[in-house]
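Listed here are the chains, written in short residue letters.
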Amino acid sequence: MAAITLIDDDENIVASVSLALESHGHTVKAYYDGASGLEAVESQAPDLVILDVKMPRMDGMEVLRRLRQTSEIPVIMLTSKDDEIDEILGFNLGADDYMHKPFSQRLLLERVKAVLRRARPEEDEPSSTPGAAGSKMMKRGKLTLDAARHDSLWDGKPVRLTVTEFLLLQSLAQRPGFVKSRDNLMDAAYDDQVYVDDRTIDSHIKRMRKKFRQVDPEFDSIETLYGVGYRYREA
């Protein structure tokens, strides 16, 4: 079970979501504005943050932007159904998933379970040959991935990735030179019950490249094949 921070200024949503999560064994700390919620998360990191977009004192996008400067805690955004721009901006800033309001508690619980499962790789899986698909440790040229810890290194230097970014990169790096369509990458990074569109994958790839180029300005190992997908080129 997980420690979850819920940040939303709607008292009814806070009450109903907290009850649903706690009934499934999770512990919930709730905050009604972005500034208070961010301060709490920075003080004591939870396993997951559920974050509303429109809030007083600091909106959800600003909370996410500041959080991503120091942390890759999984984040599920809560957005209004018609605010597509919020979804795109949220993924660009590093959100792992989003929910449209109004939403069913059952669906939210499924999304929470899916994000936590992706964030907690099984530690009792048998090890395989380093670098092989399914191995906990994978090395591809300058890239090293540790699936058990969701750690990534480029030429020995750490690169902080969100859960979703790590899973996308792992999928690409498992077979260097082979093209992965966006559908392939969705399957690798998202639960079967979660639908995301092509722009979501593109946003994650864009953020990933930016992070690696902060470590190595010459990074070019994730190649785009327009109209087809992406592939990893071993450096």
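Residues numbered from 1 in each chain as written. Predicted model: local features only at pLDDT ≥ 70, side-chain atom pairs only at ≥ 80, totals over all residues. Heavy atoms only, no water.

**Quick look at helix α3 (residues 60–67)**
- For α3, every residue scored as buried is listed here: G60, M61, V63, L64 and L67. Projection of α3 onto a plane perpendicular to its axis shows the buried side chains occupying an angular sector of 160°, all on one side.
- A side-chain oxygen of the first residue of α3 lies 3.2 Å from the backbone nitrogen of M61; this N-cap is D59. (Buried < 20%, exposed > 50% of the residue type's maximum accessible area, 1.4 Å probe, protein only. Helix = DSSP H or I, 4+ residues; strand = E, 2+ residues; numbered from the N terminus. Arc of directions from axis to C-beta. Polar contact = N/O pair within 3.5 Å; in protein donor to acceptor, adjacent residues only side chain to side chain.)

**Comments concerning the packing of aromatic side chains**
- Throughout the structure, instances matching the rule amount to three aromatic pairs.
- Between the aromatic rings of W154 and F219, the centroid separation amounts to 4.9 Å while the plane-to-plane angle is 80°, which identifies the pairing as edge-to-face. In this pair, W154 sits in strand β8 (residues 151–154) while F219 sits in the loop between α8 (198–215) and β11 (222–225), placing the two residues 65 residues apart along the sequence. Comparing W154 with F219 shows no difference in burial state: the two are buried.
- Ring geometry for F212 and F219: centres 4.7 Å apart, planes at 15°, overall stacked. Of the two residues examined, F212 and F219, each falls in the buried class. (Phe/Tyr/Trp six-rings, centres within 6.5 Å; stacked < 30°, edge-to-face > 60°.)

**Here's the deal with the nonpolar core**
- Counting 46 residues, the largest nonpolar core has L51, M77, L169, F212 and I222 as its most contacted members.
- Sort the elements by how many residues they give to this core and helix α6 (residues 163–174) lands first, with seven residues.
- In this structure F212 touches L143, W154, V159, L161, L169 and F219, once residues within four positions along its chain are discounted.
- One finds I4, L21, F103 and L116 within the second-largest nonpolar core, a separate group that totals 20 residues. (Core = buried A, V, L, I, M, F, W, Y, C linked by side-chain atoms within 4.5 Å. Contact = heavy atoms within 4.5 Å.)

**Quick word on the sheet that holds strand β7 (residues 143–146)**
- Taken in spatial order, the four strands make up an open sheet running β6-β7-β8-β9, and their pairing is antiparallel. Looking at the sheet topology across the chains shown, the edges are occupied by β6 (137–140) and β9 (157–158).
- Here β6 pairs with β7 via four bridges, running antiparallel. If you follow K139 over to β7, its bridge partner there is T144.
- Together, β6, β7 and β8 form the strand contacts of α6, whose direction differs from that of β7 by roughly 120°. (Pairing = 2+ DSSP bridges. Axes fitted to C-alpha atoms, helices over the stretch in contact; angles between N-to-C directions.)

**Some thoughts on the pattern of salt bridges**
- In the structure shown here, the tally under the stated rule is 18 salt bridges.
- We note a salt bridge from R111 to D97, for which the minimum N-O separation is 3.2 Å. Within this pair, whereas R111 is found in helix α5 (residues 105–119), its partner D97 is found in strand β5 (residues 97–101), the two being separated by 14 residues in sequence. Taken individually, R111 and D97 each receive the classification buried, so the pair is uniform in this respect.
- In this structure, E165 and K211 form a salt bridge, with 2.7 Å as the shortest nitrogen-oxygen distance. Of this pair, E165 sits in helix α6 while K211 sits in helix α8, and the two are 46 residues apart along the sequence.
- Owing to a relative accessible area of 12%, K211 belongs among the buried residues under this scheme.
- One connected set of salt bridges, linked through shared partners, spans R68, E72, D96, R160, E165, R207 and K211. (Salt bridge = Lys/Arg side-chain N within 4 Å of Asp/Glu carboxyl O.)

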